[in-house]
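# Structure at a glance
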Amino acid sequence: MTESIVVRNVTKRFTMRYHRTIKQMTVAAVRRQQLSDSFLAVNDVSFTVEQGESIGLMGLNGSGKSTLLKLISGVMKPDSGSVQTRGRIAGLIATGAGFHPQLTGRENIYLNAAILGMSEAETKRKFDQIIDFASVGKFLDTPVGHYSSGMFARLGFAVAVHADSDIFLVDEVLAVGDRPFKKKCLQRMQEVKAEGRTLFYVSHSPGSVRKMCDRALVLENGVLGFDGPVADGIHYLKYDDDGPNSEDDIDDQMGADI
Amino acid sequence: MTTHVVDPDRVPDAPLVSPGSSGGLLDVFRRRYLLRLLVQKELKARYQGSVLGLLWSYVKPAVRFSMYFVVMGIILEMDKRAENFAIHLFSGMVFVHYFTETFASGTRSIVKNKALVQKMSLPREMFPVAAMLVSAYHTLPQLLILTGGAMLTGWSPDGLAFAAGVLGFSIIAVFGMALALLFSAANVFFRDFQNIVETFSIFVTWSVPMIYPFALVKNGAFGGTWVETLYLANPIAEAVLLVQRCFWVSTTSDPEQTLATNFPDDLFVRGLVILGICVVFLGIAQWAFTKLEGKFAERL
């Protein structure tokens, strides 16, 4: 009884709508065109994560990583199969996890913390740590709609890491942060890991997955193609094609995830 | 694969469950602190960037009231058919406005909060409920003005009057909540629904006895026919009658006479039955909402 996340035969189908108005539907029916098309974003995926494991979820763009993360966080429900989790979940689903642009940074911290299940007293107690981590400075009382994308992400990450949780989800938040912030995030994620929380980390960067995770999952067009040690997962994805140092070169050039 | 050693102290003392909430409206009331923050957010966002701000919540009803009072009351001489017509009209308007506001803002609530709905896991019923509470917040001062007006014109309510008021308010709140829940979910799939709501609001204004007295329906061409039965089956019409029983009846010169001419028989029994039906409808709306909720994140 130590499983933290149990995913069984999970399938999620998305429908793409070509026609939405009555006029378009009528025209399509007369011409006998197909009205809608669908694809499987997540196709019969099963795996089990033990409490305290740190998982790196990798895959090319559009392979279903974010959808899988949303299924685990409970934002989406699977069409078939089941997702079960144990304990509180916190984390970041995409950058700027659901901030309200008209509210100030301060108000958004309280709102976001409440959504993550924190009480008012708990938020007050951790408020200084949160703003210290986010380092948005004098912009704290500015509506977050005026924030830069980096500040947006910093604030979201700051709230999420300070919420008490048993499972911590991260979805490519580091992609928009600057180098000092990335370092701080990775350090904080190491702490989360050391505390024995389950870490579920979506990333394109083999370097950070190698540093952070002890198991890799690779999604290919919605199918779980690989589940095993990190080094083999990176090899499976052919992210280590050009030798061990090339990725850092690219990261340096592109300013991408470290 | 490397074997992972689990620290037993770190395993949370909780069962494996499906993520996301499933308690519906009950979850909303369990998480009142979050609800309060969402209501505060809505209050702030509603009149963002406007100079008059919250005053708009009074300017709009005031203008509407004046218009109806002048056209219906004075030009069309309704004040001769209904004694103390101003209270008759305003008591209905305050509650009808609460209903249409709940319905309209509730319907838009999920789509408007899509940033949160798509990315965070929280009971989605929060948004229509918050919309209803925000509407209630805007209704409160109007209710005070109504009470003041009624007092100036000789309001002397008895226990039954208060009971009628509470019953009328409950019908509006439950019915409005049920519709807001149902339509907020439907609006995610087809944005047509927010236009349907606007049309419906116009219909509500004219299909309740507020800008004309109920006596005109009772003694008119529809009196005693199935149309009258249908008219009275409308929860909003019943609620308006109950509210008038509360605020208006005792301000007239002969309350007994007013009750006999301007109200249906069995006002309270009808009210309780309709409230019961509205509660069942709320249950159905919650069931439908739960069915549709699973697809919100991808359809927004």
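Values in this document were obtained by computation on a predicted structure and should not be read as measured data.

## So, the overall build of chain A
Scanning chain A from terminus to terminus reveals nine helices and nine strands. For chain A, the proportion of its 258 residues judged to be buried stands at 47%. Contacts in chain A between residues at least 24 apart in sequence constitute 73% of all its contacts with a sequence separation of at least 6.

## Things to note about the sheet that holds strand β8 (residues 215-220) of chain A
Residue and element names in this part refer to chain A. Read from one edge of the open sheet, six strands run β5-β6-β7-β3-β8-β9, paired in mixed fashion. Edge strands, defined here as strands with exactly one partner in the open sheet, are β5 (89-92) and β9 (223-228). Averaged over neighbouring strand pairs, the angle between their axes works out to 15 degrees when direction is ignored. Across four bridges, β5 lies against strand β6 (residues 167-171) in parallel orientation. Looking at β6, one finds that glycine 91 is bridged to leucine 169.

## Digging into helix α4 (residues 120-134) of chain A
Residues and elements named next belong to chain A. If you look at α4, its biggest bend is around 50 degrees, right at lysine 126. Among the residues making up α4, those that are buried are Thr123, Ile130, Phe133 and Ala134. Contacts made by the buried residues of α4 are with α3 (105-115) and α5 (149-162). Serine 135 sits one or two positions beyond α4 and adopts a positive phi of about 40 degrees.

## Regarding the pairing of β9 of chain A
All names here are of chain A. Note that β8 and β9 share five bridges and pair antiparallel. When the sheet's bridge partners are listed, alanine 216 is paired in β9 with glycine 228. Hairpin connection, β8 to β9: the antiparallel pair is bridged by two residues, and asparagine 221 has positive phi, about 50 degrees.

## Considering the sheet that holds strand β2 (residues 36-50) of chain A
If you walk across this open sheet you meet the four strands as β2(A)-β1(A)-β4(A)-β1(B), and the pairing is antiparallel. At either margin of the open sheet sits one strand with a lone partner, and together these are β2 of chain A together with β1 (16-17) of chain B. Bridge analysis of strand β1 (residues 3-17) of chain A against strand β4 (residues 80-86) of chain A gives five bridges, and the strand direction is antiparallel. Following the sheet pairing, valine 6 of chain A is matched in β4 of chain A by glutamine 84 of chain A. Contacts from helix α2 (residues 65-73) of chain A reach β1, β2 and β4 of chain A within the one sheet, and its direction differs from that of β2 of chain A by about 60 degrees.

## Some details on the nonpolar core
Tyr201 of chain A together with Ala178 and Val240 of chain B are the most contacted members of the largest nonpolar core, which has 145 residues in total. Per-element tally for this core: the top contributor is helix α8 (residues 159-189) of chain B, with 17 residues. In this view, tyrosine 201 of chain A contacts Ser54, Ile55, Gly56, Leu57, Val170, Val209, Met212 and Cys213 of chain A; residues no more than four positions away in its chain are not counted.

## Re the interface of chain B and chain A
At the junction of the two partners, chain B supplies 32 residues and chain A supplies 41 residues. Sorting the residues of the side of chain B that touches chain A by element identifies β1, α2 (32-46), α6 (114-119) and α15 (296-299) of chain B as the ones contributing at least two each. The dominant element in the side of chain B that touches chain A, judged by the number of residues it contributes, is α2 of chain B, at six residues. A per-class count over the side of chain B that touches chain A returns 18 nonpolar, eight polar and six charged.

## Here's the deal with helix α12 (residues 235-247) of chain B
The terminal C-alpha atoms of α12 of chain B, which comprises 13 residues, lie 18 Å apart, in line with the 18 Å expected from a rise of 1.5 Å per residue. Counting buried residues along α12 of chain B, 13 of its 13 residues qualify, which places the element largely inside the surrounding structure.

## A look at the confidence of the model for chain A
With 87% of its residues at a pLDDT of 70 or more, chain A shows a mean pLDDT of 83. Overall, residues 253-258 of chain A carries pLDDT values under 50, and its contacts beyond four positions in sequence, including any with other chains, amount to 15 contacts.

## What to know about the packing of helix α5 (residues 85-112) of chain B against helix α7 (residues 126-152) of chain B
All names here are of chain B. α7 packs onto α5 with a crossing angle of 170 degrees between their chain directions and a minimal axis gap of 8 Å. Classified by the interaxial angle, the pair formed by α5 and α7 is roughly antiparallel. Relative to α7, α5 is oriented so that their crossing is right-handed. For the contact of α5 with α7, the per-class residue count stands at 16 nonpolar, 11 polar and one charged.

## Quick look at unusual backbone geometry
All names here are of chain A. Notably, asparagine 9 is not glycine yet its phi reads approximately 45 degrees, a positive angle. Inspection of the secondary structure puts asparagine 9 in strand β1. One non-glycine residue, asparagine 221, adopts positive backbone phi at about 50 degrees. When you line up the elements, asparagine 221 lands in the loop between β8 and β9.

## Some details on the pairing of β6 of chain A
Residue and element names in this part refer to chain A. Counting buried positions along β6 yields five of five residues, so the element is predominantly enclosed. Neither face of β6 is open: one carries Ile167, Leu169 and Asp171, the other Phe168 and Val170, and all of them are buried. Bridge count between β6 and strand β7 (residues 198-202): five bridges; the pairing is parallel. When the sheet's bridge partners are listed, phenylalanine 168 is paired in β7 with leucine 199.

How each quantity is defined
Residue indices begin from 1 for each chain and proceed along its sequence in written order. Both sets of labels track the order of writing: A upward for chains, 1 upward for ligands. Per-residue local features of the predicted model are confined to residues with pLDDT of at least 70, and side-chain atom pairs are confined, for both listing and counting, to 80 or more; whole-chain, interface and lining totals are unaffected and use all residues. Put simply, DSSP marks the helices as runs of H or I at least four residues long and the strands as runs of E at least two long, and each gets a number from the N terminus on. With C-beta atoms placed from the backbone, the exposure class of a residue follows from how many other C-beta atoms lie within 10 Å of its own: 20 or more, buried; 12 or fewer, exposed; in between, partly exposed. In this description, any two residues whose backbone-derived C-beta atoms lie within 7 Å of each other are considered to be in contact. Between any two strands, at least two bridges found by DSSP are needed for them to pair. Fitted lines through C-alpha atoms give the axes, limited to the stretch in contact for helices. The angle between two N-to-C directions lies from 0 to 180 degrees. A residue's bend is the angle separating two fitted axes: one through the seven residues that end there, the other through the seven that start there. Take the buried Ala, Val, Leu, Ile, Met, Phe, Trp, Tyr and Cys residues, join any whose C-beta atoms are within 7 Å, and the set you get is a nonpolar core. The classification used treats Ala, Val, Leu, Ile, Met, Phe, Trp, Tyr, Cys and Pro as nonpolar, Asp, Glu, Lys and Arg as charged, and all other residues, Gly among them, as polar. Working rule for helices: expected span equals 1.5 Å times residues minus one. In predicted models, pLDDT denotes the confidence assigned by the predictor to each residue on a 0 to 100 scale. Angle categories are assigned with fixed cut-offs, so that under 35 degrees is roughly parallel, over 145 is roughly antiparallel, 65 to 115 is roughly perpendicular, and the rest are oblique. Handedness of a helix crossing follows the sense of rotation of the near helix relative to the far helix, less than a right angle counterclockwise being left-handed and clockwise being right-handed.

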